[in-house]
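# Notes for the structure review
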Amino acid sequence: MSILIDNFDLFANGLLGTIRLCLLAAVGSLLLGGLIAAFRVSPLPPLRALGTGYVTVFRNMPLTVVMFLSAFGLPPLGVNEASFLNVPGLNFLIPQLGNNAFFRFALIAIVLYTSAFVCEALRAGINAVPTGQAEAARSLGLTFTQNLRNVVLPQAWKFAVVPIGSVIIAMIKNSAIAGSFGVAGDLMYTSDVLVSQEGLPLLPVFLGLSGGYLLLTIPLGLFLDAVERRRAATIR
Amino acid sequence: MRFKRMTAIAAVAVVAFGTASCAKKDEPAAPTSKFAAGTTMDRIAKAGKFNVGTKWDQPLFGLKGLAKAPEGFDVEIVKIIAAELGIKDDKVHYEETVSKVREDFISSGRVDMIVATYTINDARKEKISFAGPYYEAGQDILVAKDDTTITGPEIFKTDATKKVCSVTGSTPAKKIAEYATAPGQVVLFDVYTKCLDALKNKQVAAVTTDNVILMGYVSKEPDKFKVLGKPFTKEPYGIGVKKDDKVFRDWINDIIEKAFADGRYKAAWDKTVGAIAPMPKEIKVNRY
């Protein structure tokens, strides 16, 4: 226990590192996942094929492989530093975004991987919206984009929010392997340093590590439960 | 008093009876050795079997392929000592001693000695004793073969654009951080092979850890990498023996000095590490 208290600042820093990575990854995954879902339900066959292909590839590859391909496969393809993610302003809030290319590669990998799952959760939500809704909207003369944005997605979102939340919880836990791919300063990395460099015993450090992840995932789970209860109340 | 005498007599009787019966059953030539009775050398020479711990995964020092004895500089050192004991190469029994089991293997007597890129330090000296050092390793830097800009760790102080890679939580990672000036200049992965991938991609300019590990990687891809050959820390490699076995330790130290003087050390070096790194100019064993 004293180990956790003595190194509280290090754990807190690690937790902050994980929060920063996950916040960016969650936003990225939701945006990209939404786009891919739109592709998958679009009336244009090439876009549908693109969406299906994307999901097939990234949902079925282990995250470690995606990480590897991102960190060491993108540079030979010309994405040397992935500096397009070094967004001015944002890199002030999240310094690693500016000074660590491997943070950006890990972010890309997590987003690519997670958005496949977000897409499928969202698509399940879209399928749960009665077909009559989309047909009625179409008969009113709404275009595909208008239809999706104003009629289908707002309803689909309610069905999809809990599964998407589960995907994000899984993503937070998945982010632990980013520490093995050059992301310094997240929770997992901090524990690694405490154990192998400072020689602290493994068990208490990993208890602290687990506590850190639970601190992120349990409140998210409770929030999802609350959302679900509220939705159940409005539907009835 | 009386009791003590009786036990002593009984013990003598048992020993006498034991040796007598042994001499009867055993082969005509009873094992003899040139060493003083009761020493570790005597025990091993008489047993005719030598249990030794080495690394099995360290190229150039102790690397074991399928169904073969391990090979490397550490193994050559073992062979020199085994020959002095009068033990043939095929009577040397090798055990794999990974870093964290080494002290236990020595103190439990599972192996007679350990030659396994084993750094001498005070914490370890409390559990076991060391002969040697027979080699002084140290943290060094590996760069691309055609790189001439990196000359030592100081370059990372003056040129913050040069990134250097190591493994999370390792002592070399801590050491190189003292030289880094910019955030993100030290890149850390979980294994060195990722550092090498990053170096091939030019995502980092250098990889740093103990020169022995780096030389192992150079030996696999000598046309891609090179080691600077200027260690900036000291990691003296010793031969682990049972704690306070001073006779065995001193005897090994004599052999190391003799082998260095008469060329056996050089032959062992040339056969293994010689292609990658120059031989040490001198070795100073530490008799304590």
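Residues numbered from 1 in each chain as written. Chains lettered and ligands numbered in written order. Predicted model: local features only at pLDDT ≥ 70, side-chain atom pairs only at ≥ 80, totals over all residues. Heavy atoms only, no water.

### Points about the domain arrangement of chain B
Residue and element names in this part refer to chain B.
- What the domain assignment reports for chain B is domain 1 (40-137 + 236-275) and domain 2 (139-227).
- Each of domain 1 and domain 2 was reduced to a C-alpha centroid, and the two centroids are 30 Å apart.
- Listed per partner, the contact involves nine residues of domain 1 and eight residues of domain 2.
- Across the domain 1/domain 2 interface, buried area totals approximately 640 Å², and carbon plus sulfur atoms make up 67% of it.
- If you sort the residues of domain 1 by the area they bury against domain 2, Gln 58, Pro 59 and Leu 60 come out on top, with a joint share of 49%.
- Counting every contact that joins domain 1 to domain 2 gives zero salt bridges. (Domains from an automatic or database assignment. Contact = heavy atoms within 4.5 Å. Buried area = accessible area lost by both parts, 1.4 Å probe. Salt bridge = Lys/Arg side-chain N within 4 Å of Asp/Glu carboxyl O.)

### Concerning the UniProt feature "transmembrane region" (unreviewed entry) in chain A
Residues and elements named next belong to chain A.
- When the UniProt feature table is mapped onto this chain, "transmembrane region" (unreviewed entry) is found at residues 18-39, 51-74, 101-119, 159-183 and 203-227.
- What you have in residues 18-39 is 100% helix and 0% strand, and the ends, taken at the C-alpha atoms, are 31 Å apart.
- Counting secondary structure, residues 203-227 comes out at 100% helix and 0% strand; the distance between its end C-alpha atoms is 36 Å. (UniProt positions renumbered as here; feature names shortened; annotations may be inferred. Helix = DSSP H or I, 4+ residues; strand = E, 2+ residues; numbered from the N terminus.)

### Quick word on the nonpolar core
- Membership of the largest hydrophobic core comes to 116 residues, with the highest contact counts inside it found for Phe 50, Ile 81, Met 113, Tyr 135, Leu 142, Ile 239 and Ile 252 of chain B.
- Here this core takes 16 residues from helix α7 (residues 101-128) of chain A, the largest share from any one element.
- In contact with Phe 50 of chain B, other than residues within four places in its own chain, are Ile 44, Ile 81, Ala 82, Leu 85, Ile 87, Lys 91, Val 92, His 93, Asp 112 and Met 113 of chain B.
- With 16 residues, the next largest nonpolar core counts Tyr 189 and Val 193 of chain A together with Ile 155 and Tyr 179 of chain B among its residues. (Core = buried A, V, L, I, M, F, W, Y, C linked by side-chain atoms within 4.5 Å. Buried < 20%, exposed > 50% of the residue type's maximum accessible area, 1.4 Å probe, protein only.)

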